[in-house]
Amino acid sequence: MVQLIMGLKGSGKTKRLVEMVATAVREETGSVVCIEKDKKLTYDIPYQARLIYACDYANAMGSYDFFKGFLSGLHAGNYDITRVFIDGLYKITGEKDAAKAEEFLVALDAFSSKHSVNFTVSLSEEPESATEGMKRFL
């Protein structure tokens, strides 16, 4: 399952995501991972969740293809991961391209089905601007 949270800056996407991480930590039996661009959520995310800073991989984290590989490697290193939260997809990839984002979400959905990992992705964009392919994840 892939869930997409869309809204402009200041609309409460990150707050909602933080609440979802806390709920997942309480309810999931597997590992919970949260990926963000900078180190802003350090004190907001429960310590039981694995918080990954994309800025630590800034030299390589700059495309959707790399990010797909990164997530695959993350899962390969820990098969117990059941939830992954991604805060700010455009910021992490450095590419504000709706078509590529849609393709990425479709790839995540296939990965989710195959490996039983659920993804929640936030995107700083008006929900009305979602492509038809993105709308199925809203």
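Placed above this text is the structure.
Described in the following lines is the structure provided in the data block.

## As for the overall build of the protein chain
Next, step 1: Of the regular secondary structure elements, the protein chain holds five helices and five strands.
Next, step 2: Ordered by position from the N terminus, the helices and strands of the protein chain form the series β-α-β-β-α-β-α-α-β-α.
Next, step 3: Relative to its length of 138 residues, the protein chain is compact, with a C-alpha radius of gyration of 14 Å against a globular reference of 14 Å.
Next, step 4: Here the protein chain, with 138 residues, has 44% of them falling under the buried criterion.
Next, step 5: Put simply, of all contacts in the protein chain between residues at least 6 apart along the chain, 68% involve residues at least 24 apart.
Next, step 6: Side chains of the protein chain carry 17 positive and 19 negative charges; the gap between the two charge centres is 3 Å.

## Side note on the pattern of salt bridges
Next, step 1: For the structure shown, the criterion picks out eight salt bridges.
Next, step 2: Across the salt bridge formed by lysine 68 and glutamate 103, the nearest N and O atoms sit 4.0 Å from each other. Of the two residues, lysine 68 is situated in helix H2 (residues 64-77) and glutamate 103 in helix H4 (residues 98-115); the sequence distance between them amounts to 35 residues.
Next, step 3: Between lysine 100 and glutamate 95 there is a salt bridge; the shortest N-O distance is 2.7 Å.
Next, step 4: According to the relative accessible area criterion, lysine 100 is partly exposed, its value standing at 39%.
Next, step 5: On the basis of relative accessibility, which here comes to 17%, the residue glutamate 95 falls in the buried class.
Next, step 6: Several salt bridges converge on common partners, so that one network encompasses Asp65, Lys68 and Glu103.

## A closer look at H2
Next, step 1: Here H2 spans 20 Å end to end across 14 residues, near enough to the 20 Å set by a 1.5 Å rise per residue.
Next, step 2: Along H2, the residues classified as buried are Tyr64, Phe67, Phe70, Leu71 and His75. All buried residues of H2 project into a common sector of 130° when viewed along the axis, lining one side. Exposed and facing more than 90 degrees away from the buried side of H2 are Asp65 and Gly77.
Next, step 3: Along its buried surface, H2 packs onto strand E2 (31-36), strand E3 (50-53), strand E4 (81-87), helix H3 (89-93), H4 and strand E5 (118-124).

## Observations regarding the layout of surface pockets
Next, step 1: Its boundaries defined by the atoms lining it, the largest pocket holds a volume of some 340 Å³.
Next, step 2: Around the largest pocket sit 16 residues that line it, and Thr14, Lys40, Asp87, Lys91 and Ser124 are the ones nearest its centre.
Next, step 3: Counting only elements with at least two residues in the lining of the largest pocket, the list comes to helix H1 (13-27) and E5.
Next, step 4: Looking at the lining of the largest pocket residue by residue, the classes come out as one nonpolar, seven polar and eight charged.

## Some thoughts on the nonpolar core
Next, step 1: With 30 residues, the main nonpolar core has Ile35, Phe67, Leu71, Val84, Ile86, Leu108 and Phe119 as its most contacted residues.
Next, step 2: Mapped onto this core, the elements with two or more residues apiece are strand E1 (2-7), E2, H2, E4, H3, H4 and E5.
Next, step 3: When residues of this core are assigned to their parent elements, the largest contribution, five residues, is made by H4.
Next, step 4: Those residues in contact with phenylalanine 67 that lie beyond four places of it in its chain are Ile35, Met61, Ile86, Leu89, Ile92, Thr93 and Phe104.
Next, step 5: Judged by nonpolar contacts, the second largest core, of 14 residues, contains Leu17, Val18, Met20 and Val21.

Reading the values: rules and limits
- Residues numbered from 1 in each chain as written.
- Predicted model: local features only at pLDDT ≥ 70, side-chain atom pairs only at ≥ 80, totals over all residues.
- Heavy atoms only, no water.
- Helix = DSSP H or I, 4+ residues; strand = E, 2+ residues; numbered from the N terminus.
- Rg over C-alpha atoms; globule rule 2.2 N^0.38 Å.
- Buried < 20%, exposed > 50% of the residue type's maximum accessible area, 1.4 Å probe, protein only.
- Contact = heavy atoms within 4.5 Å.
- Lys, Arg positive; Asp, Glu negative; His and termini not counted.
- Charge placed at Lys NZ, Arg CZ, Asp CG, Glu CD.
- Salt bridge = Lys/Arg side-chain N within 4 Å of Asp/Glu carboxyl O.
- Expected span 1.5 Å × (residues − 1).
- Arc of directions from axis to C-beta.
- 1 Å grid on protein atoms, 1.4 Å probe; cavity = no way out; pocket = protein on both sides within 12 Å on 5 of 7 lines; lining within 4 Å.
- Points joined across faces, edges and corners; volume = space filled by probe spheres on them.
- Nonpolar A, V, L, I, M, F, W, Y, C, P; charged D, E, K, R; others polar.
- Core = buried A, V, L, I, M, F, W, Y, C linked by side-chain atoms within 4.5 Å.

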